[in-house]
Structures are given as structure tokens and as C-alpha cells.
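Structure assessment
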Amino acid sequence: MSAVSSRLPVFPWDKLEPYKATAAAHPDGIVDLSVGTPVDPVPELIRAALAGAADSPGYPTVWGTPALRDALAGWVERRLGATGVAHTQVLPVVGSKELVASLPTQLGLGPGDRVAFPRLAYPTYEVGARLAGAEPVPYDETTELDPAGLKLLWLNSPSNPTGRVLDKDELRAAVAWARANGVLLVSDECYLELGWEADPVSVLHPEVCGGSFEGLVAVHSLSKRSNLAGYRSAFLAGDAAVLGELLKIRKHGGMMVPAPVQAATIAALGDDTHVAEQRERYARRRSRLRAALEGHGFRIEHSEASLYLWATRDEPCWDTVGALAELGILVAPGDFYGEAGARHVRVAFTATDERVAAAAARLSS
């Protein structure tokens, strides 16, 4: 039996363990700014919805309840600016990482097919291509790609790790290129509600897609906006033909969002107050960390959106990781996201106010 894992790179986070141990030895404890996991409480109205649906002994459906589909379609219209979104144009998924890793396989891609993603990118785009046996293709500009054999084009705006936001002109150009070359465009927009110095726009916005979802799918997650990483709540919106095919496949695979999580998702998407409150928390932490990093000699690049600061002091990223670990601060090395990040680190501002204050103090001393 051939091990599928042999197609994959070494799991990057394992390399960080020695530095984590160094940071944890700090007298005041570790400040972990590496992973970017939410640390603030799940809003009460979401927890109440989850608890209220706890008596769910039957199997949920892969497509979700009609109420969930209403909530998904309504949010896509209200927040992304799309119009006339039908139930066939939304699909709940069991967390966005599962979707990213499995999408090429679910699309039937394999040897001879190519999957493109940004040169600096979330590593799971490459993992998904490799799991399917397809060829991973990093790119700098979508319109400079060779379309031969290219079946799937990933966009990521706002970007993880850099926080870069693609404007409407850049998105329109990518959509036009993908459609002209018959390539499915999937846009990872999980940080769309976390714009700081830019207003991120979806590929499903009428001014980008021309009012048609043909050949387009957007990926959204509640992990960041609603502190629901532990709930594994995410969804797709876009081309009904593509989502319909995925629905058929996912039914066979039993890829069901649990019924209580479906209820919690409805509550989360129907409330904007908790999103605004969480944004305010992140904005304060971002401002404090940015000032401290710049005062410590770092240059911040892009970072106009998302939950990260893309920082450099023009040295190999692992030297930076090591130096910060000595201060008890753990960050992610930029080369986790591609060789183009070899002189940067990604600094998450998802720690508590107390831990962010501790990091700022250490950087300022």
C-alpha cells in the first residue's frame, strides 16, 4: 500500500516545537502569536442557539435545513452585495480547511491536472492539490498563468499570511481570465469581514462578477468573525452547477454539519453586533502590536486586512522566530507559506488583551 502522506510536505507546525518550548520557558509565560486561533468567548446568542438544538438525535442533512440555507443566502446578499441568491447557490461545509484540502479530489482532479494558488499562501491549497495527485502551481499574477491543464484557480483576499487585499479591478481581471480559459475560480474570503485599511470585496459582488456566479465559488468561515473555530462552521456560495455536483458527492461521503452547529450558524449570521464588538477587540490588539513591532525595528508590509501582521526585519525568518522566542513570543515563520516568505514572520493578534500587552512590553523593553 502506498502511503498518501508521502505526497505531502512535512507538517510545518511540527518544526516550530523547539521554539515554542523556548518561548514557554519565559518567566512570564509564552505569548503565542503563531496560529491565529480565536481566544475570546463564543457570543451568548450563538451558544444559546447551539444549546437549544442539542436534542438532535437524527441525522442532519448535508445541504442543511431550509432555515440554514435562508441564512446563508441572506448573508451573501446582505454582506457581499449579491442579488437573488438561491438555495442552490449555497452549501454548508464542515470547516473551511476540510473544504480546501478536499476540493480538488471532490472535483475529480488528478494526475495531469493543475491547481494554481498564490505564491505566498495558506499551505492547504498545495496540500489539496497533492492529495488529489494534481500538480500544484504557485503564481504571482493570475493573468500570467499558463492555462494548459489548469482546472482550479485559488484566490485569497484578504490574504493569509500577508493581509493583502485584491481590489475590484484585480478581481475582475482574474474572473475574466478564468472564464475566458474555462478555469474554475474559487475565492477564499474567510477574512473578508476583517478589513482595517481596505474594504475587501467578494468575487460574487455584481461589480466583479457581472451579476453571474458562472465559474465562481466563494469560501466563507465563521471561525474568525464569530469565534467559532471550535464549531467547524463554514460555507460555499457561487455557481449552482458546481455546488450541486459537490452536494451529490458530499451526500455519499456523509459530510454533514452537525444540527446544533447549523442552528448556531443561523444565529451567528443573523447578528452583526457581536461581529462589530469582536472587530473592535482585534483593532485594539492590532494597533498595540503593530506599534510595538515597529518600535522594535520591524517593517510591516501589506497587513491591510485579516488577523495578522506580515513583518520583517530583513533577516532569515527562522532567525526572527528564534529571537522572538527568547522574549517568550512565538510567531509563524514566513516560509511556512512559501519560499517567498523566507524573510518575514506572520504575527497573529488573536491573543488576549493581557497577552498582547505582555508582548508589547517585552518588545519595548
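Higher on the page you've got the structure.
Residues numbered from 1 in each chain as written. Predicted model: local features only at pLDDT ≥ 70, side-chain atom pairs only at ≥ 80, totals over all residues. Heavy atoms only, no water.

Let's talk about the sheet that holds strand β12 (residues 332-333)
- The sheet built from four strands is open, its strands ordered β9-β10-β13-β12 with antiparallel pairing. Lying at the two open borders of the sheet, with one neighbouring strand each, are β9 (299-301) and β12.
- Pairing geometry for β9 and strand β10 (residues 308-312), over three bridges, is antiparallel. Bridge assignment links Glu301 to a residue of β10, and that residue is Trp310.
- With respect to the sheet, helix α10 (residues 273-295) is in contact with β9, β10 and β13 (345-348), its orientation differing from that of β10 by roughly 5°. (Pairing = 2+ DSSP bridges. Helix = DSSP H or I, 4+ residues; strand = E, 2+ residues; numbered from the N terminus. Contact = heavy atoms within 4.5 Å. Axes fitted to C-alpha atoms, helices over the stretch in contact; angles between N-to-C directions.)

Section: the packing of aromatic side chains
- Across all of its chains, the model carries 10 aromatic pairs by this definition.
- Taken together, a centroid distance of 5.2 Å and an interplanar angle of 40° make the contact between Tyr19 and Trp318 tilted. Highlighted residues: Tyr19 in helix α1 (residues 17-24) and Trp318 in helix α11 (residues 317-326), separated in sequence by 299 residues.
- Here the aromatic rings of Trp318 and Phe336 are separated by 5.9 Å at their centres, their planes lie at 65°, and the arrangement is edge-to-face. Of the two residues, Trp318 sits in helix α11 while Phe336 sits in the loop between β12 and β13, which places them 18 residues apart along the sequence.
- Of the residues examined, Trp318 reaches a relative accessible area of 21% and is grouped as partly exposed.
- What makes Phe336 buried here is its relative accessible area of 7%. (Phe/Tyr/Trp six-rings, centres within 6.5 Å; stacked < 30°, edge-to-face > 60°. Buried < 20%, exposed > 50% of the residue type's maximum accessible area, 1.4 Å probe, protein only.)

Things to note about the pattern of salt bridges
- Going through the model one piece at a time under the given rule, you end up with 24 salt bridges.
- Here Arg79 ties to Glu193 by a salt bridge, and the two come within 3.0 Å at their closest N and O atoms. Pair noted here: Arg79 is in helix α3 (residues 66-80) and Glu193 is in the loop between β6 (184-188) and α7 (206-209), with a separation of 114 residues, a long-range link.
- On the accessibility criterion, Glu193 (13% relative accessible area) is buried.
- The closest approach of N and O atoms between Glu315 and Arg313, which form a salt bridge, is 2.6 Å.
- On the accessibility criterion, Arg313 (26% relative accessible area) is partly exposed.
- Via salt bridges that share partners, Asp28, Glu354, Arg355 and Arg362 belong to a single interconnected network. (Salt bridge = Lys/Arg side-chain N within 4 Å of Asp/Glu carboxyl O.)

Considerations on the pairing of strand β8 (residues 234-238)
- Of all five residues in β8, five are buried; the element is thus mostly enclosed.
- The two faces of β8 match: Ala234, Leu236 and Gly238 on one face and Phe235 and Ala237 on the other face are all buried.
- Where strand β2 (residues 90-93) meets β8, four bridges bridge the pair, whose relative direction is antiparallel. Bridge pairing in β8 links Leu91 to Leu236.
- Bridge count for strand β7 (residues 216-221) against β8 is five bridges, and the pairing is antiparallel.

Some remarks on the nonpolar core
- Counting 65 residues, the largest nonpolar core has Leu33, Trp154, Leu236 and Val347 as the members making the most contacts within it.
- For this core, the leading source of residues is helix α12 (residues 353-364), giving five residues.
- Other than its neighbours up to four places away in sequence, Leu236 contacts Gln89, Val90, Leu91, Val93, Leu99, Val217, Ala218, Val219, Leu243 and Leu246.
- In this structure, Leu72, Leu155, Val175 and Tyr231 belong to the second largest nonpolar core, which totals 46 residues. (Core = buried A, V, L, I, M, F, W, Y, C linked by side-chain atoms within 4.5 Å.)

Notes on unusual backbone geometry
- Cis geometry marks the peptide bond from Ser157 to Pro158; its omega dihedral reads -5°.
- The residue His302 is not glycine, and still its phi comes out positive at about 50°.
- With respect to the helices and strands, His302 occurs in the loop between β9 and β10.
- The phi angle at Ser306 is positive, at roughly 85°, despite the residue not being glycine.
- Examined against the element boundaries, Ser306 turns out to sit in the loop between β9 and β10.
- Accessibility expressed as a relative area gives 0% for Ser306, which makes it buried.

Digging into the environment of Leu243
- Checked against the element boundaries, Leu243 lands in helix α8 (residues 240-253).
- Residue classification places Leu243 among the buried residues on the basis of a relative accessible area of 2%.
- With residues near it in sequence (within four places) discarded, Leu243 still touches Thr88, Gln89, Val90, Leu91, Val217, Leu236, Ala237 and Gly238.

Notes on the packing of helix α2 (residues 44-52) against helix α9 (residues 259-269)
- Contact geometry of α2 with α9 gives a least axis separation of 7 Å together with a crossing angle of 150°. Comparing the axis directions of α2 and α9 gives the class roughly antiparallel. At the point where α2 passes α9, the crossing takes the right-handed sense. Facing α2, whose interface residues are Leu45, Ile46, Ala49 and Leu50, α9 presents Pro260, Val261, Ala263, Ala264, Ala267 and Ala268.
- A class-by-class count of the residues in the contact of α2 with α9 yields 10 nonpolar, no polar and no charged. (Parallel < 35°, antiparallel > 145°, perpendicular 65-115°, else oblique. Left-handed = near helix turned anticlockwise from the far one by under 90°. Nonpolar A, V, L, I, M, F, W, Y, C, P; charged D, E, K, R; others polar.)

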